[in-house]
Amino acid sequence: MKENRKPSVGWSIKLGRLLSIDVYVHFTFLLLLGFIGVSHWMAERSPAAAASGMLFFVALFGCVLLHEFGHALMARRYGIQTRDITLLPIGGLARLERMPDKPMQELWVALAGPAVNVVIAAALAAWLSLTNSWEPLSSLSTTAGGFAERLLAVNVFLVVFNLLPAFPMDGGRVLRSLLALRLDYTRATRIAARIGQGMAALFGLAGLFGNPMLLLIALFVWIGAGQEAAAVEMKSSFAGVRVREAMLTDFRGLSPQETVGDAARLLLAGSQQDFPVLEKGEVVGVLTHTRLLEALRDRGVNVPVGDVMERDFQMASADEELDAALGRIEPGRATLLPVIWNRQLVGLLTAENVGEFYMIRRALSGGGGRRRPAPPVIRIPRVMPPPLPIRQPSS
Ligand SMILES: [Zn+2]
């Protein structure tokens, strides 16, 4: 496997690699850390106060990091790898390759994160009892009170908050997996998403009259629930669909000897953004839109495509399930998958084309209306096209 992976969120700094998972921290997190140090310094005029404020913040995010490792390690038990974990000012983000399909597995993966915070809280409570250092709850605030007890309170908050039954919180996944034990997955998701949006509406209302933070959370939950439902809806409508039905078949290829200038002309002339690069009928690389523009900027129009194309790329088979192949299209990295059939290039799979395919299917099934009964699966018949002639380099 290649090691030059990009972080999931731009502007992130790599902290290190733990249990073969890359850990990143977003630069705004460091800004916030600095801000906390400065504000403690301003309030109390002492370097000790600034240091202890920053230390608490780091300890808090240590707990968030362990929470994410809880999800990641549980997922690994089911054979699902985690690409990386990024710490953001709003929390941690573990990028799992996929979510488990079996409801019981999803349940355990979702519970493993909060379970870590339960363990930390219990350990802190035991330590506070052993050392007899409990302080009255009323003396606790974000800055005042014993370090261990404040950390305990924060871990309890993390457990309660994350188990709210609303996507994208862990509790939303717990709810969906429990429902999916009885119902089909799409229906379970729809119900869980609706409950999540109901909760978001309540948060929003409470936020209007009280804590403005709640408004932010409400927005976060509302969007998360909607996205989750849409993603599952799309996934379920692709059940049984093969790559060949959704791929782009009218496309152009490049040869490694053609120049970046030739590629730019093709880009302007048509609607294709990314190009497969072929040599003697075999795909040897891909030239993505981003890579093409970078090459134009850094190396001009005369550089051969073969020098700047991506050689590390994924492919799809025409007969493969569309859903499985889609999992390999990563935003920002692989924007197209060359589709191969009988060792020949027969099409391209791109996110835009799959989006169009989805809309066509919805239109054909009279989609859009929520209250319609579920339409039967409609297959768009498609005959396998013959392999396309590849333009030879003009000498
Ligand atoms: Zn979590």
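Residues numbered from 1 in each chain as written. Predicted model: local features only at pLDDT ≥ 70, side-chain atom pairs only at ≥ 80, totals over all residues. Heavy atoms only, no water.

Draft legend 1. Quick peek at the environment of Asn353. Tracing the chain through its elements places Asn353 in helix H13 (residues 351-364). The contacts of Asn353, once residues within four sequence positions are left out, are Ala246, Met247 and Leu248. (Helix = DSSP H or I, 4+ residues; strand = E, 2+ residues; numbered from the N terminus. Contact = heavy atoms within 4.5 Å.)

Draft legend 2. Quick look at the packing of helix H7 (residues 212-237) against H13. Where H7 contacts H13, the two axes come as close as 11 Å, and the packing angle between them is 80 degrees. With respect to each other, H7 and H13 are oriented roughly perpendicular. Here Glu233, Met234 and Ser237 of H7 lie close against H13, whose contacting residues are Val354, Tyr358 and Arg361. In the contact of H7 with H13, the residues fall into three nonpolar, one polar and two charged. (Axes fitted to C-alpha atoms, helices over the stretch in contact; angles between N-to-C directions. Parallel < 35°, antiparallel > 145°, perpendicular 65-115°, else oblique. Nonpolar A, V, L, I, M, F, W, Y, C, P; charged D, E, K, R; others polar.)

Draft legend 3. Broad picture of the packing of aromatic side chains. Summed over all chains, the structure comprises two aromatic pairs. Look at Phe57 and Phe61: their rings are 5.0 Å apart centre to centre, the planes differ by 50 degrees, and that puts the pair in the tilted class. Residue Phe57 and its partner Phe61 are both found in helix H2 (residues 47-77); the two are separated by four residues, about one turn of the helix. The pair formed by Phe57 and Phe61 is uniform in burial state, with each residue classed as buried. (Phe/Tyr/Trp six-rings, centres within 6.5 Å; stacked < 30°, edge-to-face > 60°. Buried < 20%, exposed > 50% of the residue type's maximum accessible area, 1.4 Å probe, protein only.)

Draft legend 4. Layout of the sheet that holds strand S8 (residues 336-341). What the three strands build is an open sheet, ordered S7-S8-S9; its pairing is mixed. Every interior strand has two partners, whereas the edge strands, strand S7 (316-317) and strand S9 (344-350), have only one. Both S7 and S8 contribute to a ladder of two bridges, which runs parallel. Along S8, the bridge assignment pairs Ser317 with Ile340. (Pairing = 2+ DSSP bridges.)

Draft legend 5. Local environment of helix H3 (residues 103-130). With 28 residues, H3 ought to run about 40 Å at 1.5 Å a step, and its terminal C-alpha atoms sit 40 Å apart, in line with that. When the local axis directions of H3 are compared, the greatest deviation, roughly 35 degrees, occurs at Ala112, which is followed within four positions by the proline Pro114. Immediately beyond the C-terminal end of H3, within one or two residues, lies Asn132, with a positive phi of roughly 55 degrees. (Expected span 1.5 Å × (residues − 1). Bend = angle between axes of the 7 residues up to and from the residue.)

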